[in-house]
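One-letter residues, chain by chain:
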Amino acid sequence: MKETWRLVDLEYRDDPFMNLAVEEAIPRAVGKGKAPNTVRFWHNSNTIVLGCFQSAELEVNFEACKETGTQVVRRFTGGGAVYHDSGNLNYAISLRKGHPLVPEADLQSVFRRLSEGAVQGLRSLGVRAEFQTINDIQVDGKKVSGAAGSIRWGTIFHHGCILVASDLAILGKVLNVPKVKLADKHVASVQKRVTTVRDELNRDVTTREVRDAMVKGIETCYSVSLEEGVLTRDELSVSEELYRSKYSRPEWNLEP
Amino acid sequence: MVSVKSADYKAPGGKLVRVRLKEENGVIDSVRISGDFFLVPEEDLSKLEKILEEVPLREAEVRLAIDRFFSATRAQGLGVSADDFVNALLSAKEEAVDA
């Protein structure tokens, strides 16, 4: 019999802080066995999401954020800063540690294995997507999706964002990209090394369309069925607590 | 003599390690490591920063401290290795003073 995973579409589009609180509450519950293996889809309006080891001061152009109404929040996983807007689709997968899909439980295997559902979903739409180590999905050398993740709280956690129809001009303004990083990739700007699903297909694409394709991609790829569900009462109260104590606070988001 | 040094070190085939440290008479006084790498468990990065305090800013000592960190914590890096942390620290240069 096919394994069933929970599918959650809970999001707070205009509250990136609450979105990130929910993002942490789910893997905490899954690892304890208080919630089933879960896939979540969600959106943020204009927001920079920093990796947990990044310096806000170095990565963020605060002036440009002010001009464009972009907020800054830090996630609990490593990796690099990403720009989210309503044209960007976020997904997160939480599996109980020891799940046969990722028996190795090292991060590189997690990224490789748990990006496959997204790759499959994008391919079904006609995007020539390929996983690229360490944590990207690319189309002809341009990044269309980045992933991050962790193994903690007894959970294998993988999340990523897919540039469906994002405003790459704002992305280029609000993030400072260190020179040493661009030099290594042989391209002059962040805008030139990323692409969107819309640009690849040369037509209007909604994030809903990509989300539906990803649901099918995940179901096919991992032989599971996704069943729509909601957060438990416990997950909601943990989310609220994490919002209060962590994600709504500048000490977490902007320092050190 | 106290000096503030920093480095942006791009790990070959990996991620960016950004270092900012205060050095006093050849010894690391404090260090802050940031970047877009992965390290599990995440809390261990601050342990590494702590371990590096009071370590002479020389290859042998820095390497020993970082190797000890990885064997003691079993931290798992991705896009960054013990060598990359060593190279990032040793490549730190004195910051240009704003005119």
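What counts and how
Residue numbers here run from 1 along each chain, matching the order of that chain's written sequence. Numbering of ligands from 1 and lettering of chains from A proceed in the order in which they are written. Residues qualify for local features only when their pLDDT is at least 70, as the model is predicted, and side-chain atom pairs are given and counted only at 80 or more; totals for whole chains, interfaces and linings, by contrast, use all residues. To define a nonpolar core, we join buried Ala, Val, Leu, Ile, Met, Phe, Trp, Tyr and Cys residues through C-beta atoms within 7 Å and take the resulting set. Exposed residues have 12 or fewer other C-beta atoms within 10 Å of their own C-beta, buried residues have 20 or more, and partly exposed residues fall in between, where C-beta atoms are placed from the backbone. It is the C-beta atoms, placed from the backbone, that decide contacts: two residues are in contact if theirs lie within 7 Å. Elements are defined by DSSP. Helices are runs of H or I of four residues or more, strands are runs of E of two residues or more, and each kind is numbered from the N terminus. Note on pairing: DSSP must find at least two bridges between two strands before they are called paired. Orientation is described by axes fitted as lines to C-alpha atoms, over the contacting stretch for helices, and by angles from 0 to 180 degrees between their N-to-C directions. As a working rule, the residues Ala, Val, Leu, Ile, Met, Phe, Trp, Tyr, Cys and Pro are called nonpolar, Asp, Glu, Lys and Arg charged, and the rest polar, with Gly in that last group.

Enquirer: Now, about the nonpolar core: what can you tell me, with residues and values included?
Expert: Residues Ala21, Ile162 and Val197 of chain A together with Val17 and Val19 of chain B are the most contacted members of the largest nonpolar core, which totals 93 residues. Those residues in contact with Val17 of chain B, other than ones at most four positions away along the chain, are Tyr9, Ala11, Ile33, Gly35, Phe37, Val80, Asp84, Phe85 and Ala88 of chain B.

Enquirer: I'd like a rundown of helix H3 (residues 82-90) of chain B, residues and numbers included.
Expert: Buried within H3 of chain B we find Asp84, Phe85, Asn87, Ala88 and Leu89 of chain B. Considering only its buried residues, H3 of chain B is in contact with strand E1 (2-10), strand E2 (16-24) and helix H2 (59-73) of chain B.

Enquirer: Give a description of the sheet that holds strand E5 (residues 82-84) of chain A that names residues and reports values.
Expert: All names here are of chain A. Read from one edge to the other, the open sheet built from three strands follows the order E4-E3-E5, with strand pairing classed as mixed. Both outer strands of the open sheet, strand E4 (71-74) and E5, are each paired with one neighbouring strand and no more. The average angle at which neighbouring strand axes cross in this sheet is 25°, direction not considered. The pairing of strand E3 (residues 47-50) with E5 spans three bridges and is antiparallel. Paired with Thr47 across the two strands is His84, which belongs to E5.

Enquirer: Give me the lowdown on the interface of chain A and chain B, citing residues and values where you can.
Expert: Taken together, the contact pairs 22 residues of chain A with 18 residues of chain B. When contributions to the side of chain A that touches chain B are tallied by element, the ones reaching two or more residues are helix H4 (107-114), strand E9 (142-152) and helix H7 (179-185) of chain A. For the side of chain A that touches chain B, the per-class residue count stands at 10 nonpolar, eight polar and four charged.

Enquirer: Give me the lowdown on H4 of chain A, citing residues and values where you can.
Expert: Given 3.6 residues per helical turn, the α-helix brings residues three or four places apart onto the same face. Considered for burial, the residues of H4 of chain A that qualify are Leu107, Val110, Phe111, Arg113 and Leu114 of chain A. Among the structural elements, strand E6 (88-96), helix H5 (116-124), E9 and strand E10 (155-163) of chain A together with strand E4 (38-40) and strand E5 (76-78) of chain B are those in contact with the buried residues of H4 of chain A.

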